[in-house]
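# Structural overview for review
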Amino acid sequence: MKQQIQQFFKGLCLVILVASCKTDSKKVTPLKTEIADKQPNILIIYTDDLGYGDVGVYTNTKSLTPNIDKLANEGVRFTNGYASSATCTPSRYALLTGSYPWRNRDAKILPGTAPLVIDTAQATLPKMLKSKGYDTAVIGKWHLGLGTGNVNWNQQVSPGPNEVGFDYSYIMAATQDRVPTVYLKNGLVEGLEKDDPIQINYDTNFDGEPTGIDNPELMTMKWHHGHNSTIINGIPRIGYMKGGTKARWDDITMADTFLNEAKNYIKGHKKQPFFLYYAMQQPHVPRTPHPRFEGTSGLGPRGDVIVEADWCVGELLKTLKEEGLLENTVVFFSSDNGPVLNDGYYDDAVEKLGDHKPWGDLRGGKYSLYEAGTRVPFIMYWKDNIQPKVSDALVSQLDVLSSFSELVDGNVTVKDSESLWPVFTGRENKGRDALVIEATSRTALRMGDWLMIPPYKGPKIEKQVNIELGNSNDFQLYNLKEDVSQTKNLAESNPEKLNELIKAFEKIRGNDYQKVEQLILK
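Residues numbered from 1 in each chain as written. Predicted model: local features only at pLDDT ≥ 70, side-chain atom pairs only at ≥ 80, totals over all residues. Heavy atoms only, no water.

## Section: helix 3 (residues 88–97)
Our working rule: Exposure classes here rest on a 1.4 Å probe applied to the protein chains alone. A residue is buried below 20% of its type maximum, exposed above 50%, and partly exposed in between. A run of DSSP states H or I qualifies as a helix once it reaches four residues; a run of E qualifies as a strand once it reaches two. Both are numbered from the N-terminal end.
Buried residues dominate helix 3, accounting for 10 of its 10 residues. Taken as a whole, helix 3 has its buried residues at C88, T89, P90, S91, R92, Y93, A94, L95, L96 and T97. Downstream of helix 3 by a residue or two, G98 has a phi angle that is positive, lying close to 70°.

Here it is as structure tokens:
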């Protein structure tokens, strides 16, 4: 047995001994698919606006997330795990392509009518896994654009997820607060009637369609900023929509709808390796928990949808166990960016927050270059294959593509994506040396224990969302090991370290990074 283990380790550099292998009743489980009976399934659970401090194991406040906590406690929990960006579309782009979103000017927060921002010739995570025999699916929020810029929602919408590597897609086009408020199954709007075609416009309303400005009496949720266009299910949205009445989703059953799709997909693909990208909509606005979860958190709708999301995670894991797939499924859990309380609606998120700190001890939040914008829950779980560990290694969602490629011998190389599979599994402690983070086209550098933020002015949403965005007329430099809450700007007192980070930043980003200032302020 000892000789076998040594041979495996030498040949593959990817073997791990389970704690119980001291007895003959347990087998050593390798972390390479050539030796395993079959390739491991891969499940990515991706939440929307879930903060570092929203997950119980990352904070000292009351836990809303026992199922996510279980993943963390039985897997590798990263304390320095980052989304690429402090907003949704760029982070999703980075996760699936392994490329920095600031390299693609179109990879920014998109309207529901935006064209696909991933080039169909581009390397992607699902494409790589398809090449290794995986069936691939995306279920949930997409928000990476569809079509080529002039979408007809009444026929096949293409290109989309199916053209960038997914065999099956069941998605919302953008976000829950944006039109069109319909589900698309493999590019077709589900439940659409031919005599009630969908029309979408992000600039001009359609005659007779109620809006949040003109028809407040029809609203069951009041808008605060930016969400005052077409009213659907009592909720004013971003953008204008007409038609598709019977195809429109029911907000309060959205979590159940996506969960059931995910469970059915898993049950239908037991006999082949699969990759499921389960992109949850919670706790993004509008927060519409099912009545089963109303009042369960004591924190208002935002807390309730976090409880709901955690329940969905538990149900999905239960399905894997019942289908005999849990031990052969790698689960990666994370969030697209940090938290925000008031993001366009009055829903008591601020008033009922209590002692809960969605950002934990970090500064900032969604839209911010401060740590709470991009430092997120980051958990890797593989039952009986990955041993419990808390890792301080610097890792990014950019690295998911190359790391999973290493797991399955995918032979995919992407410039910005580092292969860190031994780090992801907790066997090694050395992560990235440096990472460029992004927030609304502004970029900064995390290197070692340090974070450097260049001077920026925009964007002008700080007061609306009540979040510090990291903008300043001067350079900012923080030692995150000693000052994780970023209370002391060391740029003036440590010019040598500042200069070192500026040079490293410009080597990756280029020296024209502040030209985005003009783009931001438009």
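Let's pick the thread back up.
## Looking at the nonpolar core
Filter applied, for reference: Each nonpolar core is a collection of buried residues, namely Ala, Val, Leu, Ile, Met, Phe, Trp, Tyr and Cys, held together in the definition by side-chain atoms within 4.5 Å. Contact between two residues is taken to exist if any of their heavy atoms lie within 4.5 Å; hydrogens are not considered.
Residues I44, W142, L276, Y277, Y278 and F404 are the most contacted members of the largest nonpolar core, which totals 105 residues. The element that contributes the greatest number of residues to this core is helix 6 (residues 301–322), accounting for eight residues. If near-sequence neighbours (up to four positions away) are discounted, Y277 is found in contact with I44, Y46, R92, L95, L96, A137, V138, I139 and F166. If you look at the next biggest cluster of nonpolar residues, it comprises 31 residues, including A86, Y100, A491 and F505.

## So, the confidence of the model for the protein chain
Definition in use: How sure the predictor is of each residue is captured by pLDDT, a score from 0 to 100.
Summary statistics for the protein chain give a mean pLDDT of 91 and a share of 90% for residues scoring 70 or more. Within the model, pLDDT remains below 50 along residues 517–522, and this stretch shows 12 contacts once partners closer than five positions in the same chain are excluded.

## What to know about the sheet that holds strand 13 (residues 378–381)
To keep it simple, the criterion reads: Think of it this way: DSSP has to see at least two bridges between two strands before they count as a pair. Interaxial angle, 0 to 180 degrees, is taken between N-to-C directions of lines fitted to C-alpha atoms, where a helix line uses only the stretch in contact.
Strand order in the open sheet made by the 10 strands is 6-5-4-3-11-1-12-13-2-14, with mixed pairing throughout. Only two strands of the sheet have a single partner each, and these edge strands are strand 6 (188–189) and strand 14 (389–396). Relative to strand 6, strand 5 (residues 183–185) runs antiparallel, the two being bridged by two bridges. Paired with L184 across the bridge in strand 6 is V189. Sitting on the sheet, helix 6 touches strand 1 (41–47), strand 11 (274–279) and strand 12 (329–335), and the angle it makes with strand 1 is about 170°.

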